[in-house]
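Observations on the model geometry
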Amino acid sequence: MRGKVVVITGATSGIGQVAAERLAGMGARVLLVARDRTRGAASLSRLRERGPGLAHRAHYADLSSVADTKRVAAEIAAAEPRIDVLINNAGALFNTRRVTADGLELTFATNHVAYAVLTHGLRACLMAGAPARVINTASDAHRRARLAFDDLQAARGYSGLKVYGRSKLCNILYTRELARRWAGTGVTANSLHPGFVATRFGDRSGGLLSYGIDTVAIFRQAATYVDRILKGEKPGDLPVQAPVSFKLIINLKAARAIGLAIPEAFLLRADEVIE
Ligand SMILES: NC(=O)c1ccc[n+]([C@@H]2O[C@H](COP(=O)([O-])OP(=O)(O)OC[C@H]3O[C@@H](n4cnc5c(N)ncnc54)[C@H](OP(=O)(O)O)[C@@H]3O)[C@@H](O)[C@H]2O)c1
């Protein structure tokens, strides 16, 4: 990746943060698109540690806004003669329906429309960087999703998970269409499911969704932990990557209260950490 220019969204947290840091470590010059200046500056300083002397930059935009996304794309395009990789990754899930200033449902705006607007705004830089790549973070949550073309803004009956799944289906369909339209230009387009990862995802969803997503992540990690014990491996640290928080305690207590079988080894370790 040495000498490559990578634009990445959602790199102030989770999957995007790790990807950006790894790419910087491999010698790429990374341009972050972040919405929060404090978090953006913290990410930038981590990039400078991982990949020193590479002129990494942070650009700021709220990607749920079409105008702001167009503005940041123009700002990057004015500064960069070519881009080798664009990673559209910022995403979120919301418990209740919210509408942006553009009149779009917030999940659809952030998870899908922003990918298309940013890609379109950086088209000339990507073409100049060919062979170049567009990588869109999707999710296997698309599997159960169906697009309702007469209700793309989910005005009739909102469900956070359903609308999230639809936005991720949009990521995949958009990527396929982009690959078809840009065939032969030297710019490829791919989407991916990153796996189930314990990030900040869902923390700000609101309502039970915030707790639900964390609980699933904890159970998945507990299963991996027990697997390691069964294989005779040393299990190592408690397999909860997120900070041990009030929420973790509530989740574990709630799970026990309703009689869910949490592996004993995991509970013991969790209790030790909580105490
Ligand atoms: N975690 C999983 O298990 C999982 C599974 C499948 C797919 N995914 C996908 O992976 C991607 C990354 O998620 P993650 O798990 O890493 O979540 P995360 O830790 O919550 O990170 C989300 C990132 O997106 C940014 N973001 C959200 N809304 C934004 C907006 N309006 N404008 C600008 N930036 C915005 C956040 O910025 P702030 O730091 O300012 O909040 C953060 O950097 C998402 O597309 C998600 O759908 C995740």
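Please refer to the structure higher up on the page.
Residues numbered from 1 in each chain as written. Predicted model: local features only at pLDDT ≥ 70, side-chain atom pairs only at ≥ 80, totals over all residues.

1. Observations regarding the overall build of the chain
Looking only at helices and strands, the chain has nine helices and six strands in total. Per-residue burial for the chain yields a buried fraction of 38% across its 275 residues. Partitioning the intrachain contacts of the chain with sequence separation of at least 6 by distance along the chain shows that 70% fall at a separation of at least 24. (Helix = DSSP H or I, 4+ residues; strand = E, 2+ residues; numbered from the N terminus. Buried ≥ 20, exposed ≤ 12 C-beta atoms within 10 Å, placed from the backbone. Contact = placed C-beta atoms within 7 Å.)

2. Things to note about the sheet that holds strand β4 (residues 85-88)
Strand order in the open sheet formed by six strands is β3-β2-β1-β4-β5-β6, and the pairing between neighbours is parallel. The open sheet has two edge strands with one neighbour each: β3 (57-60) and β6 (187-192). Strand-to-strand twist across the sheet, computed as the mean angle between neighbouring axes with direction ignored, equals 15°. Alignment of strand β1 (residues 5-9) against strand β2 (residues 29-34), held across five bridges, turns out to be parallel. Bridge pairing in β2 places T9 opposite V33. Across the sheet, helix α3 (residues 66-79) touches β1, β2 and β3, and the angle it forms with β3 is around 150°. Helix-sheet contacts for helix α6 (residues 160-181) involve β5 (132-137) and β6, and the interaxial angle to β6 is about 160°. (Pairing = 2+ DSSP bridges. Axes fitted to C-alpha atoms, helices over the stretch in contact; angles between N-to-C directions.)

3. Notes on the pairing of β5
Along any regular strand the residues' side chains alternate between the sheet's two faces. Pairing analysis gives four bridges linking β4 to β5, with the strands arranged parallel. Within β5, the position partnered with N88 by the bridge is N136. In this structure, β5 lies alongside β6, joined through six bridges in parallel fashion. Following the sheet pairing, I135 is matched in β6 by N190.

4. Thoughts on the site of the ligand
Around the ligand lies a shell of 26 residues, among which G10, G14, G91, T199 and F201 are the nearest. In terms of residue count, the dominant contributor to the shell around the ligand is helix α1 (residues 14-25) (three residues). Partitioned by chemical class, the residues of the shell around the ligand number eight nonpolar, 13 polar and five charged. (Near = placed C-beta within 6 Å. Nonpolar A, V, L, I, M, F, W, Y, C, P; charged D, E, K, R; others polar.)

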